[in-house]
Amino acid sequence: MTRIGLTGSIASGKSTVTARLRALGAFVIDADEISHEVTAAGLPALASIAAAFGADVLRADGSLDRAALGDIVFSDPARLKTLNGILHPLIRARMREMERESGEPCVVYDVPLLMETGMDRDMDAVWMVDAPEDVRMARLMRRNGLTQAQAIARLRAQLCDEEKRRRADVIIRNDGTLGELYGKVDDLWQSLNA
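Given the structure is predicted, the values throughout are model-derived calculations rather than measurements.

A few points about the packing of aromatic side chains
For the structure shown, the criterion picks out 0 aromatic pairs. Over the aromatic face of Tyr182 sits the side chain of Arg20, whose NZ or CZ is 4.3 Å from the ring centroid.

This is the structure in structure tokens:
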């Protein structure tokens, strides 16, 4: 089995690349989707999060208020580490289960914190989606309705781009049109499956 780790800093266009890979037939295991799955109301992870961060991170219906939790953890590295300690073991276990069940010869792992968690060492290749920081900042503020300070805090909570580039096997530059990005992804997928 070939494992491709797909990563990129927040608002780099990683989700767009993931969507394109799925359209091309790739089997994708998405860490963010799994994070939503394991933090559903009534599951142990949500109770652990509420115990660690208080009831203010829960909505009235008992679901996780991701914006409130983000405000807490992206301004305090120790609190972010606490959250990661709750979620990462559950996410990894679910990823392993999905890989086993897939039966696919190639699996793409879409993991924003691939390098930060050390999962890059488990991959056969690491693909990084890269975009200029000012572009990512604007996307993040627009997409998530964040202030500049909030956007900066989220950008700084991840491993620096220079280190990610150094550790990546392939860098997918997302600094052009959507068609150009798709062309790059198509070429990579075709070469992988050749």
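Remarks on helix α3 (residues 44-53)
Those residues of α3 that fall on the buried side of the exposure criterion are Ala45, Leu46, Ile49, Ala50 and Phe53. Take α3 and look down its axis: the buried residues cluster within an arc of 135°, on one side only. The exposed residues of α3 that point more than 90 degrees off its buried face are Pro44, Ala47 and Ala51. For α3, the elements touching its buried residues are α2 (31-38), α4 (66-73) and α5 (77-102). With its phi angle positive at about 95°, Gly54 sits one or two positions after the end of α3.

Here's the deal with the pattern of salt bridges
Tallied over the full model, the rule gives 16 salt bridges. Asp110 is paired through a salt bridge with Lys14; the nearest N and O atoms lie 2.6 Å apart. Taken together, the residues span a long stretch of sequence, with Asp110 in strand β3 (residues 106-110) and Lys14 in helix α1 (residues 14-23) at a distance of 96 residues. With respect to burial, Asp110 and Lys14 carry one shared label: buried. Put simply, Glu97 and Arg94 hold a salt bridge, and the shortest N to O gap is 3.5 Å. Taken together, the residues span about one helical turn, with Glu97 and Arg94 both in helix α5 at a distance of 3 residues.

Quick look at the sheet that holds strand β2 (residues 27-30)
Pairing in this open sheet of 5 strands is parallel, and the strands run β2-β3-β1-β4-β5 from one edge to the other. Among the strands making up the open sheet, the edge pair consists of β2 and β5 (170-173). Between one strand and the next, the sheet's axes are offset by a mean angle of 25°, whatever the strand orientation. Note that strand β1 (residues 2-8) and β3 share 5 bridges and pair parallel.

About the criteria used
Position labels on residues start from 1 in each chain and follow its written sequence. At least 70 in pLDDT is required for a residue's local features to be given in this predicted model, at least 80 for side-chain atom pairs to be given and counted, and no such filter applies to totals for whole chains, interfaces and linings, which use all residues. Working from all heavy atoms in the structure, the side-chain values ignore hydrogens and water. The criterion for an aromatic pair is that two Phe, Tyr or Trp rings (for Trp, the six-membered ring) have centres within 6.5 Å, with stacked assigned to planes under 30 degrees apart, edge-to-face to planes over 60 apart and tilted to the rest. Only when the NZ atom of a Lys or the CZ atom of an Arg is both within 6 Å of the ring centre and within 35 degrees of the ring normal do we say a charge sits over the ring. For every residue, the accessible area obtained with a 1.4 Å probe (protein chains only) is divided by the maximum for its type, and the residue is called buried under 20%, exposed over 50%, and partly exposed between those limits. Going along the chain from the N terminus, every DSSP run of H or I of four or more residues is numbered as a helix, and every run of E of two or more is numbered as a strand. Relevant arc is that of directions from the helix axis to the C-beta atoms, nothing else. Any two residues whose heavy atoms approach within 4.5 Å are treated as being in contact. Each reported salt bridge corresponds to a side-chain nitrogen of Lys or Arg within 4 Å of a carboxyl oxygen of Asp or Glu. Pairs of strands are assigned from DSSP output, requiring at least two bridges between the strands. For every element, the axis is a line fit to its C-alpha atoms; helices are fit only across the contacting stretch, and the angle between N-to-C directions ranges from 0 to 180 degrees.

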